[in-house]
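Commentary on secondary and tertiary structure
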Amino acid sequence: MIVKEVLHEELLTLAEVKEMLTQIMEERRAESDEEQVYEFRKALTHAEVFAKLSANDAKELVGKLLEFEKMKPVIAVRIADILPQSRDELRSIYAKEKFSIKDEELDAILDLVRQYK
């Protein structure tokens, strides 16, 4: 398939991707008994293995993370996907940013993440 133009782009957590792929798979199974293509199966397997939260919990966590001052949507989604458990893990997510984040802010983010673990 050749994509000519991107009409819409949206950030999704891995949990949301898993939910969408599962729904698509169920719809396709209802339509026909054909086996899913290799790439689709691999994407779904990856999402099932690595998604740590439900789609609703992931959306909720991203929403709460976006309330922090130095939080970008991309970082919030990455945190919701990875669920870091230490300051070092969280700092590695912020490594490419042009600003530093204080230990108090890191602890507040980690406390929020632990509520969803």
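As a starting point, this report considers the structure included with it. The model shown is predicted, which means the values in this text are computed figures rather than measured ones.

1. Structural notes on the overall build of the protein
Helix and strand counts for the protein stand at 6 helices and 0 strands. The order of α-helices and β-strands along the protein, N terminus first, is α-α-α-α-α-α. Expected size for 117 residues packed as a compact globule is a radius of gyration near 13 Å; at 17 Å, the protein overshoots this value by more than 25%. When its C-alpha atoms are laid out on the principal axes, the protein stretches across 55 × 35 × 20 Å.

2. What to know about helix α6 (residues 103–116)
Along its 14 residues, α6 runs 20 Å from first to last C-alpha, staying within 8% of the 20 Å computed at 1.5 Å per residue. Taken together, the buried positions of α6 are Leu106, Ile109, Leu110, Leu112, Val113 and Tyr116. Each buried residue of α6 sits inside an arc of 160° when the element is viewed along its axis, so together they form one side. Facing away from the buried side of α6 by more than 90 degrees, the exposed set consists of Glu104 and Gln115. In this structure, the buried residues of α6 make contact with α3 (55–65), α4 (73–82) and α5 (87–93).

3. Topic: the packing of α3 against α6
Contact geometry for α3 and α6: axes closest at 11 Å, N-to-C directions at 165°. Judged by the inter-axis angle, α3 sits roughly antiparallel to α6. The element α3 and its partner α6 pack so that their crossing is right-handed. Touching Asp57, Glu60, Leu61, Lys64 and Leu65 of α3 are Ile109, Leu112 and Tyr116, all from α6. Among the residues making up the contact of α3 with α6, the classes are represented as 5 nonpolar, no polar and 3 charged.

Analysis parameters
Residues numbered from 1 in each chain as written. Predicted model: local features only at pLDDT ≥ 70, side-chain atom pairs only at ≥ 80, totals over all residues. Heavy atoms only, no water. Helix = DSSP H or I, 4+ residues; strand = E, 2+ residues; numbered from the N terminus. Rg over C-alpha atoms; globule rule 2.2 N^0.38 Å. Expected span 1.5 Å × (residues − 1). Buried < 20%, exposed > 50% of the residue type's maximum accessible area, 1.4 Å probe, protein only. Arc of directions from axis to C-beta. Contact = heavy atoms within 4.5 Å. Axes fitted to C-alpha atoms, helices over the stretch in contact; angles between N-to-C directions. Parallel < 35°, antiparallel > 145°, perpendicular 65-115°, else oblique. Left-handed = near helix turned anticlockwise from the far one by under 90°. Nonpolar A, V, L, I, M, F, W, Y, C, P; charged D, E, K, R; others polar.

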